[in-house]
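What follows is each chain in one-letter form.
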Amino acid sequence: MKIAAVVGLAAMLAYLGYCVMLYLAQDGMVFPGQVADPARVEEIKRYYPRLEPFTVTAGDGTALTGYYLPRVKDGKPLPAVLYFAGNLEEQTGFFLWSPNELRFVSVAGVDYRGYGGSGGKPSEASVKADALAVYDALAQKLVPDGHIVVMGRSLGSGVAAYVAANRPVAGVILVTPYDSLLAVGQEGHPYAPVRLLMKHPFDTTADAPKVSAPTLFLVAGDDTLIKPVRSERLAAAWPGPKTYEVIPHATHNNIIDNPQYWKAIREFLKSCLAQ
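Notes on the structure follow. (Residues numbered from 1 in each chain as written. Predicted model: local features only at pLDDT ≥ 70, side-chain atom pairs only at ≥ 80, totals over all residues. Heavy atoms only, no water.)

### Regarding the sheet that holds strand E8 (residues 171-175)
In a beta sheet, neighbouring strands are held together by backbone hydrogen bonds and run either parallel or antiparallel to one another. The following threshold applies: Strands pair, by our definition, only if DSSP identifies at least two bridges between them. The way it works is that DSSP assigns letters per residue, a run of H or I at least four long becomes a helix, a run of E at least two long becomes a strand, and they are numbered from the N terminus. Each axis is a line fitted through C-alpha atoms, taken for helices only over the stretch in contact, and angles between the N-to-C directions span 0 to 180 degrees. By definition, residues are in contact when any of their heavy atoms lie within 4.5 Å.
On the basis of which strands lie adjacent, the open sheet formed by eight strands has the order E1-E2-E6-E5-E7-E8-E9-E10 and mixed pairing. On the outer flanks of this sheet lie strand E1 (52-57) and strand E10 (242-247), each paired with one strand and no other. Looking at each pair of strands side by side, their axes are set apart by 20 degrees on average, direction ignored. Where strand E2 (residues 63-69) lies against strand E6 (residues 106-110), four bridges are found, and the strand directions are antiparallel. Looking at the pairing, tyrosine 68 lines up with alanine 108 of E6. The sheet strands contacting helix H8 (residues 228-236) are E8, strand E9 (215-220) and E10, and the helix crosses E9 at an angle near 165 degrees.

What follows is the structure, encoded as structure tokens:
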């Protein structure tokens with residue numbers, strides 16, 4: 001009897017320790033942070049001589065940094081794609097390859113707090129507030145009649161959806177999107193009370209009803225991190241016009257290497273921007 005009680009107590013303590021570990025570690029799991037490689041910064045500057053620094057001051061005074069590559073036609077700035085990165089990315093990764101694939105639009109992106117050259121510490125609330133500030137700063141660069149398409153990958157898909165729910169956008173591109181990070185976390189830790197522990201739930205389905213712009217869902221068929229069912233459930237809650245495209249055999253990390261990826265994005269952009 002005593003042995004059973006000791007074993008039960010040890011199991012309970014182990015479980016409580018596991019839950020405490022998850023709670024304490026979650027900031028690092030959701031926002032691990034990434035520092036920009038100076039060599040890569042110089043590389044993208046060589047590739048794109050017109051690249052500009054894009055600095056935005058957040059509402060609390062935190063300096064956020066990123067990049068803006070303007071494209072101009074007839075003396076006017078072309079519509080822009082505003083990119084929100086995954087949690088293991090900083091913006092130089094996107095700018096290393098995306099502007100060459102998207103030559104008919106301007107491209108912009110600013111790093112989250114604690115990423116690239118941006119100061120501060122990220123949280124769901126601060127990242128979302130900062131995203132609106134970045135959108136507003138970009139809109140000022142595109143006046144008088146510029147259009148913005150928001151694009152987010154993985155973690156950034158929820159940020160892009162939030163901006164689309166709160167600002168006018170010409171289109172939305174969601175790469176490996178989720179219905180909520182809480183649901184993703186619960187799948188990864190099925191025996192933990194994730195709902196009670198999660199500080200950054202990123203409930204994208206709450207923003208879905210507020211988005212009326214055309215939307216492209218790009219889903220990796222073999223994604224084991226954000227499983228396709230998470231994207232399917234978000235798409236089911238998305239009332240506006242949408243294109244749902246699964247790239248077979250693509251994984252969470254290599255989807256961008258598939259030729260179908262950029263083809264789908266270019267076709268979508270030309271459609272929603274009428275180019």
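Anyway, onward from the coordinates.
### Quick notes on the layout of surface pockets
We count it as follows: Cavity means a closed set of points on a 1 Å grid over the protein atoms alone, one where a 1.4 Å probe fits but cannot get out, pocket means an open set with protein on both sides within 12 Å along at least 5 of 7 lines, and lining means a residue has an atom within 4 Å of a point. Grid points are joined across faces, edges and corners, and a volume is the space filled by probe spheres set on the points. Under this grouping Gly is polar, as are all residues other than the nonpolar Ala, Val, Leu, Ile, Met, Phe, Trp, Tyr, Cys and Pro and the charged Asp, Glu, Lys and Arg.
Empty space within the largest pocket amounts to approximately 780 Å³. Along the walls of the largest pocket sit 30 residues, with Met29, Asn87, Leu181, Val184 and Leu225 positioned nearest its centre. Every element with two or more residues in the lining of the largest pocket is listed here: helix H1 (2-30), helix H6 (181-188) and helix H7 (194-197). Tallying contributions element by element places H6 first for the lining of the largest pocket, with five residues. A breakdown of the residues in the lining of the largest pocket according to their chemical character gives 13 nonpolar, eleven polar and six charged.

### Digging into a nonpolar patch on the surface
The cut-off we apply is this: Only residues whose relative accessible area exceeds 30% and that form no salt bridge are eligible for patches; like-charged ones are grouped when within 9 Å, while nonpolar side chains (Val, Leu, Ile, Met, Phe, Trp, Tyr) are grouped when within 5 Å. Computed by Shrake-Rupley with a 1.4 Å probe, the accessible areas treat only the displayed protein chains as cover when residues are assessed. A carboxyl oxygen of Asp or Glu within 4 Å of a side-chain nitrogen of Lys or Arg is what we treat as a salt bridge. Burial here depends on accessible area, computed with a 1.4 Å probe over protein chains only, as a share of the maximum for the residue type. Under 20% is buried, over 50% is exposed, and the range in between is partly exposed.
On the surface, a cluster of nonpolar side chains totalling about 570 Å² of accessible area is made up of Met12, Leu13, Tyr15, Leu16 and Tyr191. For leucine 16, the position within the fold is in helix H1. Exposure remark for leucine 16: the relative accessible area of 44% places this residue in the partly exposed category.

### Some points on the environment of asparagine 253
As for its placement among the helices and strands, asparagine 253 is situated in the loop between E10 and helix H9 (259-272). For asparagine 253 and aspartate 223, which are 30 residues apart along the polypeptide, the C-alpha to C-alpha distance reads 8.3 Å.

### Some remarks on empty space enclosed by the protein
For the structure shown, the criterion picks out two cavities of 30 Å³ or more. Approximately 70 Å³ is the volume found for the largest cavity. Lining the largest cavity are Leu64, Phe84, Val110, Asp111, Tyr112, Arg113, Val127, Asp130, Ala131 and Val134. The class makeup of the residues in the lining of the largest cavity is seven nonpolar, no polar and three charged. Size it by volume and the second largest cavity reaches roughly 40 Å³. Phe84, Ala85, Glu89, Gln91, Val110, Asp111, Tyr112 and Tyr115 are the residues that line the second largest cavity. Its residues assigned to classes, the lining of the second largest cavity shows five nonpolar, one polar and two charged.

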